Amino acid sequence: MTNNHNRGTWNNKADFVIALISYGVGLGNVWRFPYLAYSSGGGAFLIPSLVSSVVVGIPYALLEVSLGQWMKEGGIGAWNLTPLFKGIGFANLIIVFFGNVYYEVILAWSLRYLYDSFSYELPWKSCSNKWNSKCCSEELLYGKSRDPISSKNITKTEPLLIFDNNSISECEKRLDPITEYWELNVLGISKGIEHVGSIKPDLLFALFLAWLIVYFSIFRGMKNSQLIVYITATMPYVFLFILLIRGLFLPGSIDGIIYYLKPDWPKLLEFQVWSDAGTQVFYSYGIGIAALVALGSYNQFNHNSYRDVIIFTISNSFTSVLSGFVIFSVLGYMAHIQGVSINEVAEEGPGLAFIV
């Protein structure tokens, strides 16, 4: 570490690029982009995403990095350039705080999945768990009857009669064990907002562990963080390529890829699709919350930040598209097994990546 205006700088030029990639590549790409593409016409969403990246994403990211590099200050101190607007810096700080709070919740879900993945029998493979409902069907997962609910080949949305001792009830919708694991076991979704429910000890512990990991990653400041970013910038690509290779060998995966790349042209006329694409760029690039200002403030004054921002934005967009291939290859497989179209195979929304 060297000192420049009493503020540390990156050890070398590569550190800043890696830090940018580590900061930007994450939940916005792997978690948010695929479910927006799923609900916005597949390939049609790629077009407004590209336009938003070029028109808004790259210029805004370069502006923030340049501001931090010029002022050698973080998100609040950089506004000494125009003290009248310094309140924007404090507003950014509040936004980042709330953003980190719900980010940690998502990380807690991921840790919960990671823990269960070490089980001898994966809990989302069968309908024999204590949280499974009577409408759970393994047939939706394996393409053939492995459960006592049904022995005929029926679709996901077909009503199903359940015989329970002396009573007969009808399931309006059949659910596969993966969806029930996510909704009933991990989330513990209640019947409505009026049913608050209770604190789930397993998620509470996972949330505490997630915050603990963050603390030990940053408590020593930049010196420790520069080591962490090399891991967090490269590991997502390792896992994504492993999952992609596995997904491409599943039956029906090509249908999912075609659905992902084939544009639904009428969707381009919907304002919501363009709005989602614009917000996705802000979300995945992490612009508008002064984090890039803080990262840029550790550069040397004459550092070529233009080159680094271009590398960052290209790698970020590439990761989003790559994540889409991973998710949709598995969606194609799920649709093939269940005998339904791609747009019916799973619920739209933030839980898509966890279910897939």
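Residues numbered from 1 in each chain as written. Predicted model: local features only at pLDDT ≥ 70, side-chain atom pairs only at ≥ 80, totals over all residues. Heavy atoms only, no water.

## What about the environment of Met235?
- Here Met235 lies in helix H8 (residues 222-248).
- Under the relative-accessibility criterion, Met235 is labelled partly exposed at 33%.
- For the pair Met235 and Ser22, spaced 213 residues apart in the sequence, the C-alpha separation amounts to 9.6 Å. (Helix = DSSP H or I, 4+ residues; strand = E, 2+ residues; numbered from the N terminus. Buried < 20%, exposed > 50% of the residue type's maximum accessible area, 1.4 Å probe, protein only.)

## Overview of helix H9 (residues 253-261)
- Turning to H9, its buried residues are Ser253, Gly256, Ile257 and Tyr260. For H9, the angular spread of buried residues about the axis comes to 100°, placing them on one side. (Arc of directions from axis to C-beta.)

## Section: the pattern of salt bridges
- On inspection of all chains with the given rule, the structure shows 4 salt bridges.
- With a shortest N-O distance of 3.9 Å, Glu270 and Lys267 are connected by a salt bridge.
- Taking the relative accessible area as the measure of exposure, Glu270 reaches 37% and is therefore partly exposed.
- The closest approach of N and O atoms between Asp308 and Arg307, which form a salt bridge, is 3.1 Å.
- Judged by relative accessible area, which is 34%, Arg307 ranks as partly exposed. (Salt bridge = Lys/Arg side-chain N within 4 Å of Asp/Glu carboxyl O.)

## What about the packing of aromatic side chains?
- Evaluated as defined, the whole model comprises 22 aromatic pairs.
- Centroid distance Tyr260 to Phe325: 5.2 Å. Interplanar angle 85°. Geometry classified as edge-to-face. Highlighted residues: Tyr260 in helix H9 and Phe325 in helix H12 (residues 305-338), separated in sequence by 65 residues.
- The rings of Trp109, Tyr113, Trp124, Trp131, Tyr181 and Trp182 are connected pair by pair, giving a single aromatic cluster.
- In this arrangement the basic side chain of Arg32 is found over the ring face of Tyr283, its NZ or CZ atom lying 4.7 Å from the centre. (Phe/Tyr/Trp six-rings, centres within 6.5 Å; stacked < 30°, edge-to-face > 60°. Lys NZ or Arg CZ within 6 Å of the ring centre and 35° of its normal.)

## Notes on the packing of helix H2 (residues 27-39) against helix H10 (residues 271-285)
- Look at H2 against H10: their axes get within 10 Å of each other, and the N-to-C directions meet at 175°. The pairing of H2 with H10 is recorded here as roughly antiparallel in orientation. On H10, the residues touching Gly28, Asn29, Trp31, Arg32, Phe33 and Leu36 of H2 are Asp276, Thr279, Gln280, Tyr283 and Ser284.
- Looking at the contact of H2 with H10, its residues break down into 4 nonpolar, 5 polar and 2 charged. (Axes fitted to C-alpha atoms, helices over the stretch in contact; angles between N-to-C directions. Parallel < 35°, antiparallel > 145°, perpendicular 65-115°, else oblique. Contact = heavy atoms within 4.5 Å. Nonpolar A, V, L, I, M, F, W, Y, C, P; charged D, E, K, R; others polar.)

## Some details on a nonpolar patch on the surface
- Where nonpolar side chains cluster on the molecular surface, the patch consists of Phe205, Phe208, Leu209, Leu212, Ile213, Tyr215, Phe216 and Phe219 and spans about 810 Å² of accessible area.
- Looking at the element boundaries, Phe219 is found in the loop between helix H7 (201-218) and H8. (Patch = residues over 30% accessible without salt bridge, like charges linked within 9 Å, V, L, I, M, F, W, Y side chains within 5 Å. Areas by Shrake-Rupley, 256 points an atom, 1.4 Å probe, with all protein chains shown as cover.)

## Points about the state of the cysteines
- The tally for this structure, following the rule as stated, stands at 1 disulfide.
- Residue pairing for Cys127: its cysteine sulfur links by disulfide to Cys136, the two sulfurs lying 2.0 Å apart. Judged by the sign of its S-S torsion, about -70°, the cystine formed by Cys127 and Cys136 is left-handed.
- Residue Cys127 is classed as buried on the basis of its relative accessible area, which comes to 17%.
- Accessibility expressed as a relative area gives 0% for Cys136, which makes it buried. (Disulfide = S-S within 2.5 Å.)

## A look at helix H1 (residues 13-24)
- The end-to-end C-alpha separation of H1 is 18 Å, in line with the 16 Å expected for 12 residues at 1.5 Å each.
- Listing the buried residues of H1 in full gives Asp15, Phe16, Val17, Ile18, Ala19, Leu20, Ile21, Ser22 and Gly24. (Expected span 1.5 Å × (residues − 1).)

## Side note on the confidence of the model for the chain
- Scored by pLDDT, the chain comes out at a mean of 83, with 87% of its residues at no less than 70.
- Within the chain, the element-level pLDDT minimum falls on strand S3 (residues 160-164), averaging 42, and the maximum on helix H3 (residues 46-71), averaging 93.
- Scored below 50 in pLDDT, residues 145-168 shows 49 contacts in the model against residues more than four places distant or in partner chains. (pLDDT = per-residue confidence, 0-100.)

## Remarks on the nonpolar core
- Core analysis: the biggest nonpolar cluster contains 24 residues, and Phe16, Leu20, Ile21, Leu292 and Leu295 have the highest contact counts within it.
- Secondary-structure elements contributing two or more residues to this core are H1, H3, H8, H10, helix H11 (291-296) and H12.
- The greatest single-element share of this core, amounting to 6 residues, is contributed by H1.
- Apart from residues no more than four positions distant in its own chain, Leu295 is found in contact with Trp10, Phe16, Ala19, Leu20 and Tyr23.
- Counting residues in hydrophobic clusters, the runner-up holds 18 residues, among them Phe33, Leu36, Ile327 and Val340. (Core = buried A, V, L, I, M, F, W, Y, C linked by side-chain atoms within 4.5 Å.)

## A look at the side chain of Glu64
- Within the secondary structure, Glu64 sits in helix H3.
- In this structure Glu64 touches Ile287, Gly288, Ile289, Ala290, Ala291, Leu292 and Val293, once residues within four positions along its chain are discounted.

## Remarks on the packing of H3 against H12
- Interaxial distance between H3 and H12 falls to 10 Å at its minimum, and their mutual angle equals 135°. Between H3 and H12, the crossing angle belongs to the class labelled oblique. Crossing of H3 over H12 shows right-handed handedness. For the pair H3 and H12, the contacting residues are Ser53, Ile58, Ala61, Leu62, Val65, Ser66 and Gln69 in the first and Ser305, Tyr306, Val309, Ile310, Thr313 and Ser317 in the second.
- Split into classes, the residues belonging to the contact of H3 with H12 amount to 7 nonpolar, 6 polar and no charged. (Left-handed = near helix turned anticlockwise from the far one by under 90°.)

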